[in-house]
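Each chain is listed here by its residues.
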There are 2 protein chains.
Amino acid sequence: MNNLLVAQSGGPTAVINATLAGVIRGVRTSNKVDIIYGAKNGIEGVLKDNVMKLNKFVEDTFALDTLTYTPSSALGTCRYKLEDWRKDEEPYRKIVEAFYKYEISYFIYIGGNDSMDTVNKLSDYCKNKHYNFSIIGAPKTIDNDLNLTDHSPGFGSAAKYIATTMAELESDTASYNIPAVTIVEIMGRNAGWLTASSASARTNGGTGPDLIYLCERTFDYAGFLSDVREKLKQKPNVLIAVSEGIKDRNGNYISDQLSSGETDNFGHKYIAGAVRTLEQLIRKEIGCKVRSIELNLMQRASAHIASETDVTESLLLGQKALYCALTGETGRMSAIKRLSNNPYRIEFISVPVEEVANKEKKVPLDWITEDGHDVTKDMIEYLKPLIQGETKIQYENGIPRQMKLF
Amino acid sequence: MNNLLVAQSGGPTAVINATLAGVIRGVRTSNKVDIIYGAKNGIEGVLKDNVMKLNKFVEDTFALDTLTYTPSSALGTCRYKLEDWRKDEEPYRKIVEAFYKYEISYFIYIGGNDSMDTVNKLSDYCKNKHYNFSIIGAPKTIDNDLNLTDHSPGFGSAAKYIATTMAELESDTASYNIPAVTIVEIMGRNAGWLTASSASARTNGGTGPDLIYLCERTFDYAGFLSDVREKLKQKPNVLIAVSEGIKDRNGNYISDQLSSGETDNFGHKYIAGAVRTLEQLIRKEIGCKVRSIELNLMQRASAHIASETDVTESLLLGQKALYCALTGETGRMSAIKRLSNNPYRIEFISVPVEEVANKEKKVPLDWITEDGHDVTKDMIEYLKPLIQGETKIQYENGIPRQMKLF
């Protein structure tokens, strides 16, 4: 028997199930896979012997379509980190044991930087012990911070959600004629890609965010206040996008500032987002109406506004990962190489996972404008193809159809 | 000349421009209107002589379609409240002066309870002074708290956004296998309709929110903690929907509790939402992972997930308001009467605005389950037709097309 095991790990995205569907769909055109197993909650499901057969979906187009458009990880996720096998071989032995039990030849792990660390360590272990498993990663992360791939699946959909939402928020805030500042916090602890995507709200003639602050640049309170005051002279409503990970000149997160000395009614430290700190700052220093908004989990879960480009690419990255596994590769991740912007052309490649694991791809500093509060045309051009195309998600009773595997 | 003046007021919705488009479109099939004027920022635009001609849109189907699907108030909004004319006649004189200047016979004001107060006072003034203007209201509010109409335009779209988002958040949170509570705060200071709509997330077999607390019932901390503990015994991930306006037994907003004794780093009182208070409570008393989410302005601005039923009805309510004006009615509001649930049948009527102004329609207490943390089947049946149908919004460059009037 040559069986396949697939699992998902890390933070969910709107399209991580499209990659899973791509793996399952890929099996249909190959005669090399007997049984497809899915592990529940990532590598934890392998360790705990919690797996299910997925073969019934191979020829079920309706189910695969529904799975493709269901957000989050249908197989469940985890944040389990493998210790180096030279220090603790036990979990590795357990995994190999499970592989033998289920006659696994191919293991595909769909995830981000941390999950690629698992792929890297596990494939390294197997090579060293001369186990002949193909262990392949398939990328996903809304943060777009994965190395060696032009962009990450999940990012385009989150970017489309953010651009659309920012355009809508701009319409909303612009309808009032009293001075007001609205600050929107966008995910990205160390990389500002998602925050940058708010600039795409301007594509159709809208003004979009007036100010954009990425975490790649040091955040300066005085400069921020001066930027806001300047904008308020030009228009009554100022809309601002900030990365959750903006830091001050001492390297401290802005999000920690408000909480530093505070406790709540229950005597506990209150943890607030960066926007809360900035909201308070503006209230005190400028004194106008101010509102802070966190896009929170919606930016990674909003499959109803997924980018069809992202859905398609996510699916194909699952298929590519499968083909890498079937052709005997191991310790590699399927990835995207961009050939041109206009027309948008890409190539599906595979890259060594050791150069992806635990690394972060940040926004190039020259894609941020010199004044530090906007992005350049290069960034807009980079983003443009990734948010194209509207999801083919199906509705039932007024809400999108979804699928549960467990 | 028989001219028409139209304006928008109060908090924006995803479909308030559909009602404006309905008014403009209605003019096409009537020969009673010469010029259509739009006032900027509601009644303030009338007082400040800030109006624009809208006739060019009457035959421009493309523009009207774009306007229909553009969220927020394209004419701008205000929160201006007219003083009783017996106490201060000055603004009334100014408005009548503007009506004479622009030869206005018909005035249509699109808005919520407060805006209907303006329609009521102004029509009352005109009747008393024997001015022969037709002053008509067209309803809008995501809160669904308007009297004498089965539901309010804007509500169905916000409800569809909330139901869809709750289903997506449920998928997201369910993918983890560690105990965690996610609390989502939904708009509604005095009426829990929007929070109730989160229950529609269950329509397609999803579990949706596990607990739902509306502001119509007194919020009990101990009962809440006990509900959460009970749910955590059944499943690792508990998803909760709460109205922003939940109050404790003393009638104090829960949202004020966290801020009561607190100041921020700048010495200012920190104002937090109800979910922040509950987040802290769970952290202290239960100790599991907890996240709070505010759907914020997105729930009223997300035209990309508008309910097509809501879009169509909003448009027709604009047309109905126009026909009321053209047939000489005054001091009335266009409204919806539901004839049956299944099949969903409604009738467009007009109602006396004095019975709408400043009044609030709350959720009937018998539509809340006895245990106080869910809604009944009657509520689900009421909601079902309102979220049906997917928006026909057009995309350009990956984000929805929008229109600016000013």
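What you see is a predicted model; the values in this text were computed from it and never measured.

A. View of the relation of the copies chain A and chain B. Relative to chain B, chain A is turned by 180° and slid 0.0 Å along the rotation axis, the superposed coordinates differing by an RMSD of 0.0 Å. Accordingly, the operation relating the two chain copies is best matched by a two-fold axis. Of the interface residues in chain A, 100% have counterparts in chain B that sit at the interface too, so the contact is made through matching surfaces.

B. Local environment of the interface of chain A and chain B. Counting residues at the interface gives 79 residues for chain A, matched by 79 residues for chain B. Summing both sides of the interface, chain A and chain B together bury roughly 6,600 Å²; the carbon and sulfur share of this comes to 51%. Put simply, chain A and chain B have six salt bridges between them. Residue assignment for the side of chain A that touches chain B shows that the elements contributing at least two residues are α6 (155-174), α9 (274-285), β9 (289-294), α10 (298-301), β12 (395-396) and β13 (399-400) of chain A. Considering every element that reaches the side of chain A that touches chain B, the biggest residue donor is α6(A), with twelve residues.

C. Focus on the confidence of the model for chain A. All names here are of chain A. Averaged over all residues, the pLDDT of chain A is 94; the fraction at 70 or higher stands at 96%. Every residue in residues 260-268 is under pLDDT 50, and counting partners more than four places away or in other chains gives 27 contacts. With a pTM of 0.96, the predicted complex shows an ipTM of 0.96.

D. View of the environment of B:Gln402. Inspection of the secondary structure puts B:Gln402 in the segment after β13 (399-400). Given a relative accessible area of 21%, B:Gln402 falls into the partly exposed group. Residues B:Gln402 and B:Thr19, spaced 383 residues apart in sequence, show a C-alpha to C-alpha distance of 16 Å. The residues touching B:Gln402, leaving out its near neighbours within four places in the chain, are A:Ala167, A:Glu168, A:Ser171, B:Thr66, B:Thr70 and B:Pro71. Only 2.6 Å separates the side chain of B:Gln402 from the side chain of A:Ser171, close enough to count as a polar contact.

E. Geometry of the state of the cysteines. Evaluation of the coordinates by the stated rule reveals zero disulfides over all chains. Counting only cysteine sulfurs, A:Cys126 is the nearest neighbor of A:Cys324, a cysteine outside any disulfide, at a range of 17 Å.

F. Seen up close, the nonpolar core. Ranked by size, the top nonpolar core spans 76 residues in total, and within it A:Met379 and B:Met379 carry the most contacts. Not counting chain neighbours up to four residues away, the residues in contact with A:Met379 comprise A:Trp193, A:Ala196, A:Val363 and A:Trp367.

G. Looking closely at the environment of A:Glu285. Residues and elements named next belong to chain A. Checked against the element boundaries, Glu285 lands in helix α9. Taking the C-alpha atoms as reference, Glu285 lies 13 Å from Ala180; in sequence the two are 105 residues apart. Not counting chain neighbours up to four residues away, the residues in contact with Glu285 comprise Leu225 and Arg229.

H. Examining unusual backbone geometry more closely. Residue A:Pro343 is bonded to the preceding A:Asn342 through a cis peptide linkage, with omega at 5°. Mapped onto the elements, A:Pro343 comes out in the loop between β10 (332-340) and β11 (345-352). With a phi angle near 50°, B:Glu103 is a residue other than glycine that sits in the positive phi range. By the element assignment, B:Glu103 lies in the loop between α4 (90-101) and β4 (104-111). Looking at B:Glu103, the relative accessible area reads 39%, which means it is partly exposed.

I. Structural view of helix α11 (residues 308-326) of chain A. Residues and elements named next belong to chain A. Here α11 spans 27 Å end to end across 19 residues, near enough to the 27 Å set by a 1.5 Å rise per residue. Of all 19 residues that make up α11, 15 are buried, and the element is covered over most of its length. A positive backbone phi angle near 85° is found at Gly328, which sits one or two residues after α11.

J. Highlighting the sheet that holds β11(A). Residues and elements named next belong to chain A. What the seven strands build is an open sheet, ordered β3-β2-β1-β4-β5-β10-β11; its pairing is mixed. Strands with a single pairing partner mark the edges of an open sheet, and in this sheet they are β3 (51-53) and β11. The average angle at which neighbouring strand axes cross in this sheet is 30°, direction not considered. Strand direction decides the pairing type here: strand β1 (residues 3-8) and strand β2 (residues 36-39), joined by three bridges, are parallel. Directly across from Leu5, in β2, lies its bridge partner Tyr37. Helix α1 (residues 16-28) contacts β1, β2, β4 (104-111) and β5 (134-139) of the sheet and is inclined by roughly 175° relative to β1.

K. Looking closely at α9(A). Residues and elements named next belong to chain A. In a regular helix each residue adds 1.5 Å, so twelve residues correspond to 16 Å; α9 covers 17 Å between its end C-alpha atoms and thus fits that length. The buried fraction of α9 amounts to nine of the twelve residues, a majority that puts the element mostly inside the structure. Listing the buried residues of α9 in full gives Ala274, Val275, Arg276, Thr277, Leu278, Glu279, Gln280, Leu281 and Ile282. At the exit of α9 stands Gly287, carrying a positive phi of roughly 85°.

L. Region of interest: the packing of α1(A) against α11(A). All names here are of chain A. Contact geometry of α1 with α11 gives a least axis separation of 7 Å together with a crossing angle of 50°. Relative to α11, the element α1 is oriented oblique. Taken as a pair, α1 and α11 cross one another with a handedness that is right-handed. Counting all contacts with α1, which are made through Ala18, Thr19, Gly22, Val23, Arg25, Gly26 and Val27, the residues of α11 involved are Val311, Ser314, Leu315, Leu317, Gly318, Gln319, Leu322 and Tyr323. The residue inventory of the contact of α1 with α11, partitioned by class, reads eight nonpolar, six polar and one charged.

Cut-offs applied
- Residues numbered from 1 in each chain as written.
- Chains lettered and ligands numbered in written order.
- Predicted model: local features only at pLDDT ≥ 70, side-chain atom pairs only at ≥ 80, totals over all residues.
- Heavy atoms only, no water.
- Least-squares fit on C-alpha atoms with pLDDT ≥ 70 in both.
- Contact = heavy atoms within 4.5 Å.
- Buried area = accessible area lost by both parts, 1.4 Å probe.
- Salt bridge = Lys/Arg side-chain N within 4 Å of Asp/Glu carboxyl O.
- Helix = DSSP H or I, 4+ residues; strand = E, 2+ residues; numbered from the N terminus.
- pLDDT = per-residue confidence, 0-100.
- Buried < 20%, exposed > 50% of the residue type's maximum accessible area, 1.4 Å probe, protein only.
- Polar contact = N/O pair within 3.5 Å; in protein donor to acceptor, adjacent residues only side chain to side chain.
- Disulfide = S-S within 2.5 Å.
- Core = buried A, V, L, I, M, F, W, Y, C linked by side-chain atoms within 4.5 Å.
- Expected span 1.5 Å × (residues − 1).
- Pairing = 2+ DSSP bridges.
- Axes fitted to C-alpha atoms, helices over the stretch in contact; angles between N-to-C directions.
- Parallel < 35°, antiparallel > 145°, perpendicular 65-115°, else oblique.
- Left-handed = near helix turned anticlockwise from the far one by under 90°.
- Nonpolar A, V, L, I, M, F, W, Y, C, P; charged D, E, K, R; others polar.

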